[in-house]
Amino acid sequence: ANRELWSSQETDFSRARKRLEGKPLSIERTKGSEILFGIAPCSLALSQLRRDLFRLFLKQSSGSRRLVMSEFVLQATARGVPVHHVKRRELDALCRGGVHQGVCLEATPLHFKSLEEAEKPDLGDEERPNRQLIWLVLEQIQDPMNLGALLRSAYFLGVDRVVTSQRNSCPLTPTVSKASSGAMEVFDVYSTDDLRSFLKAKTAEGWEVVGTVSKPEDVENVPVISCLEFRWNKPVIIVIGSEGDGLSLETQLLCHRMLAIPPGRALHPGIESLNVSVATGILLHSICSQKLRHGD
């Protein structure tokens, strides 16, 4: 009987311990903070002075990543950011299951800059009239993974400015930073609450406004050309539409031309378009490579 009682108590204890082990520790967050996750976003946020930083969380016994983690400790120490070594499940809970790679950083959020700041004469040589400027304008991009991928491509390919519409657009979240591989931490993103007035103003300044379309037959009253035929001879704005609907009709009508990507085969109905971030990468490369060829 004693043995059975002991066995029963042991089972209860084992269950209780498993429950405790399975439940992540509750980490109190600083008011107004968010949790960045992933090696690139956290490392770049630590190296920049764009956020207030509160705490760095690193996975215990990181094994093969020990060198990376020690670099994080050095970065955090240099910025005066406390470092906490926690279990993987604590990190999972902090970033709600995001791919954290053993690193989370508690920090203040990043916000869009106002378009007035983009208009300030702080571009130095970029203001020269013969300088090939390219701005990317995003109309109602709502998926954080797409926004992050777009920022990553824009940064990599040399886009000068990214501007989003305020209405129905994804904010600059930690998921966007992770999807951008940290580009969001070093690359300013602007927004406007009046996209159409902005495009009209840039047209008046001599910029070319170029839209994008996946099905050329859907466009009326605006010439459509292949991105391979586009020649870049003045400052240009590339306007990208939302994931589901593309550019609104009002925005299309403000474009001088529309660009399409020619497919490499006859397409099966239902698979006739590219993901918005992939399409944008192709278009940007097609245009930005002209800058590389011609120089400034």
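An unreviewed UniProt entry lists the protein chain under the name rRNA methyltransferase 1, mitochondrial, with Haliaeetus albicilla as the source organism. UniProt, in the comment section headed Sequence similarities (unreviewed entry), describes the protein chain in these words: "Belongs to the class IV-like SAM-binding methyltransferase superfamily. RNA methyltransferase TrmH family." Per its UniProt entry, the protein chain bears the Subcellular location (unreviewed entry) comment "Mitochondrion".

Participant: Outline the overall build of the protein chain, supporting the account with residue identities and numerical values.
Facilitator: Each helix and strand counted, the protein chain has ten helices and twelve strands in total. Across the 296 residues in the protein chain, those meeting the buried criterion constitute 43%. Looking at the protein chain alone, contacts between residues at least 24 apart form 86% of all its contacts between residues at least 6 apart. As displayed, the protein chain has an accessible area near 16400 Å², and 52% of this comes from carbon and sulfur atoms.

Participant: Break down the nonpolar core for me, with residues and values.
Facilitator: Note that soluble globular proteins tend to have their nonpolar side chains buried in a common cluster. Membership of the largest hydrophobic core comes to 31 residues, with the highest contact counts inside it found for Leu136 and Val162. Every element with two or more residues in this core is listed here: strand 6 (134-138), helix 6 (144-157), strand 11 (236-240) and helix 10 (276-294). No other element matches the five residues that helix 10 contributes to this core. Beyond its immediate sequence surroundings of up to four residues, leucine 136 is in contact with Ala154, Val159, Arg161, Val162, Val163, Ile238, Ile240, Thr280 and Leu284. Formed by 21 residues, the second largest nonpolar core is a distinct cluster that contains Leu133, Phe198, Val239 and Ala260.

Participant: Outline the packing of aromatic side chains, listing residues and values.
Facilitator: Inspection of the entire model under this criterion finds three aromatic pairs. Seen from their ring centres, tyrosine 155 and phenylalanine 187 are 5.7 Å apart, and the 65° between their planes marks the pair as edge-to-face. Taken together, the residues tyrosine 155 in helix 6 and phenylalanine 187 in the loop between helix 7 (174-179) and strand 8 (189-192) connect sequence positions 32 residues apart. Owing to a relative accessible area of 45%, tyrosine 155 belongs among the partly exposed residues under this scheme. The exposure class of phenylalanine 187 is buried, given its relative accessible area of 11%. Aromatic ring contacts, followed pair by pair, group Trp135, Phe198 and Trp207 into a single cluster. One Lys or Arg, lysine 202, reaches over the ring of tryptophan 135 and ends 4.6 Å from the middle of that ring.

Participant: If you had to explain helix 3 (residues 66-79) to someone new, which residues and values would you point to?
Facilitator: In this model helix 3 runs 20 Å from its N-terminal to its C-terminal C-alpha over 14 residues, within 8% of the 20 Å that 1.5 Å per residue would give. Three or more residues of helix 3 are buried, namely Met69, Phe72 and Ala76. Angular distribution of buried residues about the axis of helix 3 spans 50°; they occupy a single face of the element. The exposed residues of helix 3 that point more than 90 degrees off its buried face are Leu67, Leu74, Thr77 and Ala78.

Participant: Account for the sheet that holds strand 1 (residues 34-37), naming residues and giving values.
Facilitator: As summarised here, the arrangement of the four strands in space is 1-4-2-3, forming an open sheet in which the pairing is mixed. Each edge of the open sheet carries a strand with a single partner, namely strand 1 and strand 3 (83-86). Pairwise comparison of adjacent strand axes, ignoring direction, gives a mean angle of 25° for this sheet. Where strand 1 lies against strand 4 (residues 103-107), four bridges are found, and the strand directions are antiparallel. In the sheet register, phenylalanine 37 faces strand 4, and the bridge partner there is cysteine 104. Taken strand by strand, helix 3 contacts strand 2 (53-59), strand 3 and strand 4, and its axis lies near 165° from that of strand 2.

Participant: How would you summarise the confidence of the model for the protein chain if you had to cite specific residues and measurements?
Facilitator: Residue-level pLDDT values for the protein chain average 84, and 83% of them are 70 or greater. Across the protein chain, the element-wise mean pLDDT spans from 51 in helix 1 (residues 2-22) up to 97 in strand 6. Taken as a whole, residues 16-24 scores under 50 in pLDDT and shows seven contacts with residues more than four places along the chain or in a different chain. Predicted confidence for residues 122-126 stays below pLDDT 50, and this span has seven contacts to residues more than four positions away or in other chains.

Participant: Mind laying out the pairing of strand 11, listing which residues take part and the relevant values?
Facilitator: Extensive coverage of strand 11 is indicated by the burial of five of its five residues. Burial along strand 11 is two-sided: Val236, Ile238 and Ile240 facing one way and Ile237 and Val239 facing the other are all buried. Here five bridges tie strand 6 to strand 11, and the two strands are oriented parallel to one another. Each residue of the ladder has a partner; that of valine 137, found in strand 11, is valine 239. Both strand 9 (residues 208-212) and strand 11 contribute to a ladder of three bridges, which runs parallel. Within strand 11, the position partnered with valine 210 by the bridge is isoleucine 238.

Calculation rules
- Residues numbered from 1 in each chain as written.
- Predicted model: local features only at pLDDT ≥ 70, side-chain atom pairs only at ≥ 80, totals over all residues.
- Heavy atoms only, no water.
- UniProt positions renumbered as here; feature names shortened; annotations may be inferred.
- Helix = DSSP H or I, 4+ residues; strand = E, 2+ residues; numbered from the N terminus.
- Buried < 20%, exposed > 50% of the residue type's maximum accessible area, 1.4 Å probe, protein only.
- Contact = heavy atoms within 4.5 Å.
- Areas by Shrake-Rupley, 256 points an atom, 1.4 Å probe, with all protein chains shown as cover.
- Core = buried A, V, L, I, M, F, W, Y, C linked by side-chain atoms within 4.5 Å.
- Phe/Tyr/Trp six-rings, centres within 6.5 Å; stacked < 30°, edge-to-face > 60°.
- Lys NZ or Arg CZ within 6 Å of the ring centre and 35° of its normal.
- Expected span 1.5 Å × (residues − 1).
- Arc of directions from axis to C-beta.
- Pairing = 2+ DSSP bridges.
- Axes fitted to C-alpha atoms, helices over the stretch in contact; angles between N-to-C directions.
- pLDDT = per-residue confidence, 0-100.

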